[in-house]
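Okay, here's what each chain looks like letter by letter:
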Amino acid sequence: MSEVVWTIAGSDSGGGAGIQADLKAMHSFCVHGCSAITALTAQNSLGVEALNPVTQAVLESQLQALANDLRPQAIKIGMLANVQQIQLVAEHLRYYRDNWPCPPYVVYDPVAIATSGDSLIEEDAQDDIADAIKTHLLPLVDVITPNVHETQMLTGIYLIGPDALREAAKRLQQWGAKSVVIKGGHWDYPQGYCVDYCREGEQEYWLGNATITTPHSHGTGCTLSSVIASCLAKGYPLKDAFILGKAYINAGLKSAQRYGEGIGPVAQTNWPSELADFPQVIEPGSWLGDELDFPCAADFNYAAGFAPCPQQLGLYAVVDSVDWLQLCLEHGVKTVQLRMKDCHGEQLEEAIKQAIALGRAHDAQVFINDHWQLALKHGAYGVHLGQQDLHNANLRAIQDAGLRLGLSTHGFYEMLLAHNYRPSYIALGAIYPTTTKDMTGQIQGLQKLRHFVPLMHAHYPTVAIGGIDLTRIAEVLNTGVGSVAVVRAITEAEHPAQAIAQLQQAIKDGRSEQ
């Protein structure tokens, strides 16, 4: 069943922002959008001509009707025109939090000023509205998504650099918001780029891309927060919702056009499917990281990338001993990863030496998991690293030695972060639950895999991993993924050699059907 997402916001008679934009964006992300209207604005592409808040009774009746039948997984809140509306919505949110078995995520876009520059709150109550937001609403909000002007209005902090964004986000969190997304469309720092910032708890994420030059940007803020709410409703982590929202906005700005004589709306397109629309994940040492003066101790050439490996890696066996590795190679597996978690010292080094030698003898691609120092020392074909190991490994040394690099990813954000490094291949997982490691909160499923593959397959060999066995391999290959990694499907098989033959035949059959 499709997820339900509410928008509590104003109506834009010009069709470019407010609930009109919210519902279109929600439709693009395959959720069912419902609306509770806070105000009927009279506006067109030239500006806002009138602001007509609904009465408390009208707003109350809408919220009550929705709560009686269409309980949401997420609520997006937009324009609240006065203090009374803020208090009423906060009262309902508090009730949902305290009484519903599964309270919805709450995403708040503190709309105050339209793209045209016109105010969208009652002029004589701006200070009271800001105080009411801080007192009543922020303690109930999971994600607040202000733009630069709204951030400065709420916090009093002038956003002149990265540290100021951090300080402003922390202040909003101190007032109760769990997470903060500060939209960079009006920041223009560094000049010529759009940089967006997210702070979730103590973790921060930076995204950036060259500014997309168009005057037609009406509704971008409403749209971004609606995409984030839709993705949270579908169970995506915030960092993935953040990057998908940004990609959707970029695609919409590229396709935006004028309707009327003024500022046109951002286009409401489809689920982001073009890598060119996705922003860069900004890290120390990356091109935008340098522009933002992020401190960087790493000596690494991002642009050079890593040595290539075959586009089709076939059956990719992940094993925890040299004996298993040898069995796989002897039965025709050409790509094997040695992943030894409980072996150390001389025993570990000897196992890695043997694995590398066996790989050469069988003309196969043997990757060493984690232990990059020993892989370098003994001249391995390649190294496989998890996201947590990226900043501990000497990537420059791996790169200079010509070793291949495979990277694990769990979701859109980590996949785009991996793209920064131009690895030899990208592993996508976990596709299904697995007992080999704790993947709580990181199960991707086939639906996400179908979104990952088109973004990456033209640039890297792709490998699906996690809980894949003979009964699932056909549906995994149907996504177009280049290779399939297995663990238990071989090592827990009653007849491992027979299991290998069956898996290889299944891959061959799957390829012939594509």
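Structure: see above.
Residues numbered from 1 in each chain as written. Predicted model: local features only at pLDDT ≥ 70, side-chain atom pairs only at ≥ 80, totals over all residues. Heavy atoms only, no water.

## A closer look at the sheet that holds strand β9 (residues 203–210)
The condition that has to hold: A pair of strands is labelled paired if DSSP reports no fewer than 2 bridges between them. To qualify as a helix, a DSSP run of H or I must reach at least 4 residues; to qualify as a strand, a run of E must reach at least 2; elements of each kind are numbered from the N terminus. Every residue pair with non-hydrogen atoms within 4.5 Å of one another is taken to be in contact. An axis is simply a line fitted to the C-alpha atoms; with a helix, the fit covers only the stretch in contact. Between two such axes, the angle follows the N-to-C directions and lies from 0 to 180 degrees.
The 10 strands are arranged β3-β2-β1-β4-β5-β6-β7-β8-β9-β10 in an open sheet whose pairing can be described as mixed. The strands lining the two open edges of the sheet, one partner per strand, are β3 (47–53) and β10 (280–281). As paired strands, β9 and β10 are joined by two bridges and run antiparallel to one another. What sits directly across from L207, in β10, is V281. Those strands touched by helix α7 (residues 220–233) are β1 (4–12), β4 (74–77), β5 (105–108), β6 (143–144) and β7 (179–182), and its axis lies near 170° from that of β4.

## What about the side chain of S28?
Note on placement: S28 falls in helix α1 (residues 18–28). Beyond its immediate chain neighbours, meaning those up to four positions away, S28 contacts Y248, T269 and W271.

## Some remarks on the sheet that holds strand β11 (residues 315–319)
Strands belonging to one sheet form pairs held by backbone hydrogen bonds; the direction of such a pair is parallel or antiparallel. Here we have eight strands rolled up into a closed barrel, ordered β11-β12-β13-β14-β15-β16-β17-β18, and parallel in their pairing. Along the sheet, successive strands turn relative to each other by an average axial angle of 25°, direction set aside. With four bridges joining them, β11 and strand β12 (residues 335–338) adopt parallel strand pairing. In the sheet register, V318 faces β12, and the bridge partner there is Q337. The strands that helix α14 (residues 412–420) touches are β15 (404–409) and β16 (425–429); relative to β15, the one it contacts most, it runs at about 160°. Packing of helix α15 (residues 445–456) onto the sheet brings it into contact with β16 and β17 (462–465), and relative to β16 it is tilted by some 170°.

## Description of the environment of G332
What counts, and what does not: Between buried and exposed lies partly exposed: a residue is buried under 20% and exposed over 50% of the maximum accessible area for its type, with that area taken using a 1.4 Å probe on protein chains only.
Tracing the backbone through its elements, the reader meets G332 in the loop between α10 (322–330) and β12. Overall, G332 belongs to the partly exposed group, its relative accessible area being 37%. Taking the C-alpha atoms as reference points, G332 and L59, 273 residues apart in sequence, are found 67 Å from one another.

## Overview of the nonpolar core
Formally: Here, the term nonpolar core denotes a set of buried Ala, Val, Leu, Ile, Met, Phe, Trp, Tyr and Cys residues that are joined through side-chain atoms within 4.5 Å.
Within the largest apolar cluster, 103 residues are counted, with the highest numbers of intra-cluster contacts made by L325, L395, F412, L449 and V476. It is helix α8 (residues 238–255) that provides the largest number of residues to this core, a total of nine residues. Core analysis: the second largest hydrophobic core is formed by 52 residues, I75, V106, L137 and I144 among them.

## Notes on the packing of aromatic side chains
Quick note on the threshold: Here is the rule: rings of Phe, Tyr and Trp (six-membered ring for Trp) pair when centre to centre is within 6.5 Å. Planes less than 30 degrees apart are stacked, more than 60 are edge-to-face, and the remainder are tilted. Placement of a charge over a ring requires the Lys NZ or Arg CZ to be within 6 Å of the ring centre, with the centre-to-atom vector within 35 degrees of the ring normal.
Enumeration over the complete set of coordinates arrives at 17 aromatic pairs. Between F29 and Y248, the ring centres sit 5.4 Å apart and the planes meet at 70°, which makes this aromatic pair edge-to-face. Placement of the pair is F29 in the loop between α1 and β2 (32–44) and Y248 in helix α8, with a sequence separation of 219 residues. Residue class for F29 comes out buried when judged on its relative accessible area of 0%. Linked through ring pairs, F29, Y236, Y248, W271, F278, F412 and F452 together constitute an aromatic cluster. The ring of Y236 carries the charged tip of K448 above its face, separated from the ring centre by 4.1 Å. Residue placement shows R472 over the ring face of Y432; its charged tip is 4.1 Å from the ring centre.

## Observations regarding the pattern of salt bridges
Our working rule: Only one rule defines a salt bridge in this text: a Lys or Arg side-chain nitrogen within 4 Å of an Asp or Glu carboxyl oxygen.
The full count for this structure, using the stated rule, is 16 salt bridges. We note a salt bridge from K183 to D109, for which the minimum N-O separation is 2.8 Å. On the criterion of sequence distance, the pair formed by K183 in the loop between β7 and β8 (193–200) and D109 in the loop between β5 and α4 (126–137) is long-range, its members being 74 residues apart. Note on K183: relative accessible area 9%, which makes it buried. Judged by its relative accessible area of 2%, D109 is buried. A salt bridge links E349 to K377; its shortest N-O distance comes to 2.8 Å. One end of the pair, E349, is in helix α11 (residues 345–361); the other, K377, is in helix α12 (residues 372–377), with 28 residues separating them in the sequence. One salt-bridge network, held together by shared partners, links D163, R166 and E204.

## Here we look at unusual backbone geometry
Here G429 and A430 are connected by a cis peptide whose omega angle stands at -10°. One non-glycine residue, D363, adopts positive backbone phi at about 50°. As for its position among the elements, D363 is in the loop between α11 and β13 (365–369). Despite not being glycine, D370 shows a phi value in the positive range, around 75°. Along the chain, D370 turns up in the loop between β13 and α12.

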